[in-house]
Amino acid sequence: MEKYYLGLDIGGTKCSAVLASIKKGTNCITIVSRFEIPTADYSYLDTINLLLNHCIMMQEMNNVKAISLGISCGGPLDVDKGLILSPPNLVGWEKVPIVQLCKDRLSIPVYLQNDANAGAMAEFLFGAGQGCQNMIFLTFGTGLGAGLILNGRLYTGASNMAGEIGHVRLTEDGPEGYGKKGSVEGYCSGSGIAKLGRIMREKSNEKTDLAQIKTLSAKNIAHAAENGDPLSIAIYKESGKRLGQTLSILIDILNPEKIIIGGVFVKSRNLFISVMEEVIKQEALDCSASHCQIVPARLGNQIGDYASIAIAIKGEFDGV
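A. Representation of the sheet that holds strand E2 (residues 14–23) within the structure. Pairing is mixed in the open sheet, where five strands are placed in the order E3-E2-E1-E4-E7. The sheet terminates laterally at strand E3 (29–38) and strand E7 (110–114), the two strands that pair on one side only. This sheet shows a mean twist of 20° between the axes of neighbouring strands, independent of strand direction. Strand direction decides the pairing type here: E2 and E3, joined by nine bridges, are antiparallel. Counted as the bridge partner of Ile22 is Ile29 from E3. Running at roughly 150° to E7, helix H2 (residues 98–106) makes contact with strand E1 (2–10), strand E4 (69–73) and E7 of the sheet.

Spelled out as structure tokens, the structure:
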């Protein structure tokens, strides 16, 4: 017997609606139907209406009724009130009552969660975190956030802000992320690596492949590093060093079985791994580090779809 769930993944570049089926008593998930639109092409209200129209159509075409809807969206959010509170990558999405809008159209329970927490639930249920009781998921995308699974449950904190490791300051000066110079996000995110690249390029007197690139990105710096450019390699080593420091903090405080890292880490793991592991060896408690695996996220580019479904499932069982 199969159970059906709907999900919305709200992102700065694209938004998607999915219908998924789960075999009862298992974590075997199938994406039955999917619809995607570019975020910038529509107002928030038109975007939500288009996504909900397709939620209705997907159920009708497959002759099924979903149990609940999960929404994964970048913060800030007010989860208790069901509001999207003007995330920086969603221009014009100011205090959007997305949960109520969805309930009014679909007449099923609707659950909202930030993308890091939703990603953690997705990897916990369907990906690299299966079988773990204590794990951390790091987004490592445009920004850096963490979702925490502690003792088999999602931990969100007193105001749903647990896991904002990107805001922690590592150095007094350095690339800015999360509104703070020298922060974890400034060193360990896609946007942070680009900023770090600009800073290190300005300070370098070496001839480098990056000198001719007008707009630096984590992707083109990684490409140059893969081709042997010494400055690009140094940029990723610096990011890897700061990632190692960050993971050491998380390992010592939370003692997880796994830390699962998505985004840039999945694509460029080889550029981080050696210096990251060396720093962890130096900084983290050995009795904790030896019990923690650092692994890439397994769900890849589909994680947003799985994340929204994971929140729908969690909401059904938790009732919140």
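B. Local environment of helix H6 (residues 218–226). Every buried residue belonging to H6 is among Ala218, Ile221, Ala222, Ala224 and Ala225, and all of these are buried. Each buried residue of H6 sits inside an arc of 160° when the element is viewed along its axis, so together they form one side. Among the exposed residues of H6, those oriented more than 90 degrees off its buried face are Lys219 and His223. Against helix H5 (190–203), helix H7 (230–254) and helix H8 (264–283) lie the buried residues of H6. Directly beyond the C-terminal end of H6, a positive phi value near 95° is found at Gly228.

Scoring rules and cut-offs
- Note that residues are indexed from 1 along each chain, following the sequence as it is written.
- Confidence filtering applies because this is a predicted model: local features only for residues at pLDDT of at least 70, side-chain atom pairs given and counted only at 80 or more, and all residues used for totals across whole chains, interfaces and linings.
- Each side-chain value is derived from all of the structure's non-hydrogen atoms; neither hydrogens nor water enter the calculation.
- DSSP-based pairing: two strands are paired if at least 2 bridges between them are found.
- Per the convention used, a helix needs a DSSP run of H or I reaching at least four residues, while a strand needs a run of E reaching at least two, with both numbered from the N terminus.
- Helix axes use the C-alpha atoms of the stretch in contact, all axes being lines fitted to C-alpha atoms, and the angles between their N-to-C directions lie in the range 0 to 180 degrees.
- What makes two residues a contact is simply this: any of their non-hydrogen atoms within 4.5 Å.
- Working definition: with a 1.4 Å probe on protein chains only, accessible area under 20% of the residue-type maximum means buried, over 50% means exposed, and in between means partly exposed.
- The arc under discussion is defined with respect to the helix axis, by the directions toward the C-beta atoms.

Shape is all these values report; function is a separate question.
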